[in-house]
Amino acid sequence: VGQNEMKDEPVSVFPNPANSFVNIVVPLNHEGSDFILVNLQGEQVFRHGLNGGSNTFSVADVIPGVYFYQVKSNQFNHYGKLTIY
C-alpha cells in the first residue's frame, strides 16, 4: 500500500450495483474528502464533497454503466469500481 492510500481505515461505497442513490461512508476524521466518479473513457461524471461518516447522493442522472470511483483527500486515496444500472 502506497503512502497516500488508505490502510486500515474502511471506506464503504454501496449498494453496488447502484440505481438511484449511492452511500459513501468514510472515517469521521476524513471530513472534506471528495467522491469522484469517472467513466471508462477517463471523464469525470460526478464529484461531491464528503462529510466524515455516512453520505448519500443521488446517481439517478448518471448514465448506466461501469465507473471507477475515487475517495480523495490530502491524506489518502481510495479507489474502486461502481456499476450503475
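Scroll up a little and you will see the structure.
Residues numbered from 1 in each chain as written. Predicted model: local features only at pLDDT ≥ 70, side-chain atom pairs only at ≥ 80, totals over all residues. Heavy atoms only, no water.

**Section: the overall build of the protein**
Argument step 1. A tally of helices and strands in the protein yields 0 helices and 7 strands.
Argument step 2. Its helices and strands in sequence order give the protein the pattern β-β-β-β-β-β-β, from N to C terminus.
Argument step 3. The buried share of the protein, reckoned over its 85 residues, is 40%.
Argument step 4. For the protein, the share of sequence-separated contacts (at least 6 apart) that also reach a separation of at least 24 residues comes to 52%.
Argument step 5. For the protein, the accessible area works out to roughly 5200 Å², and carbon and sulfur atoms hold 48% of it. (Helix = DSSP H or I, 4+ residues; strand = E, 2+ residues; numbered from the N terminus. Buried < 20%, exposed > 50% of the residue type's maximum accessible area, 1.4 Å probe, protein only. Contact = heavy atoms within 4.5 Å. Areas by Shrake-Rupley, 256 points an atom, 1.4 Å probe, with all protein chains shown as cover.)

**Looking at the sheet that holds strand β2 (residues 21–26)**
Hydrogen bonds between backbone groups are what pair the strands of a sheet, and the pairing can be parallel or antiparallel.
Argument step 1. Read across the sheet, 3 strands follow the order β1-β2-β5 without closing on themselves; strand pairing throughout is antiparallel. One side of each edge strand has no neighbouring strand; the edge strands of this open sheet are β1 (12–14) and β5 (53–58). Across the sheet, the mean angle from the axis of one strand to that of its neighbour is 15 degrees, orientation sign disregarded.
Argument step 2. The pairing of β1 with β2 spans 3 bridges and is classified as antiparallel. Looking at the pairing, Phe14 lines up with Asn23 of β2. (Pairing = 2+ DSSP bridges. Axes fitted to C-alpha atoms, helices over the stretch in contact; angles between N-to-C directions.)

**Considerations on the sheet that holds strand β6 (residues 65–72)**
Argument step 1. An order of β4-β3-β6-β7 is seen for the 4 strands of this open sheet, with the pairing classed as antiparallel. Strand pairing shows two members of the sheet lacking a second neighbour, β4 (44–49) and β7 (77–84), which therefore form its edges. The sheet shows a mean angle of 20 degrees between the axes of neighbouring strands, taken without regard to direction.

**Looking at the side chain of Gln70**
Argument step 1. With respect to the helices and strands, the residue Gln70 is situated in strand β6.
Argument step 2. Accessibility expressed as a relative area gives 16% for Gln70, which makes it buried.
Argument step 3. Here the side chain of Gln70 touches Tyr79 through a polar contact of 3.3 Å, side chain to side chain. (Polar contact = N/O pair within 3.5 Å; in protein donor to acceptor, adjacent residues only side chain to side chain.)

**Some remarks on the packing of aromatic side chains**
Argument step 1. On inspection of all chains with the given rule, the structure shows 3 aromatic pairs.
Argument step 2. An aromatic cluster of three or more residues is present, and its members are Phe35, Phe46, Phe57 and Tyr69. (Phe/Tyr/Trp six-rings, centres within 6.5 Å; stacked < 30°, edge-to-face > 60°.)

**Remarks on a nonpolar patch on the surface**
Argument step 1. Where nonpolar side chains cluster on the molecular surface, the patch consists of Leu40, Val66 and Phe68 and spans about 270 Å² of accessible area.
Argument step 2. On the basis of relative accessible area, Phe68 is assigned to the partly exposed category, the value being 43%. (Patch = residues over 30% accessible without salt bridge, like charges linked within 9 Å, V, L, I, M, F, W, Y side chains within 5 Å. Salt bridge = Lys/Arg side-chain N within 4 Å of Asp/Glu carboxyl O.)

**Overview of the nonpolar core**
Argument step 1. Of all hydrophobic cores here, the largest spans 19 residues; its most connected members are Val13, Ile24, Phe35, Leu37, Val71 and Leu82.
Argument step 2. Those elements giving two or more residues to this core turn out to be β2, β3 (34–38), β6 and β7.
Argument step 3. When near neighbours in sequence (up to four residues on either side) are disregarded, Ile24 contacts Ser12, Val13, Phe35, Leu50, Gly53, Ser54, Asn55, Phe57 and Val71. (Core = buried A, V, L, I, M, F, W, Y, C linked by side-chain atoms within 4.5 Å.)

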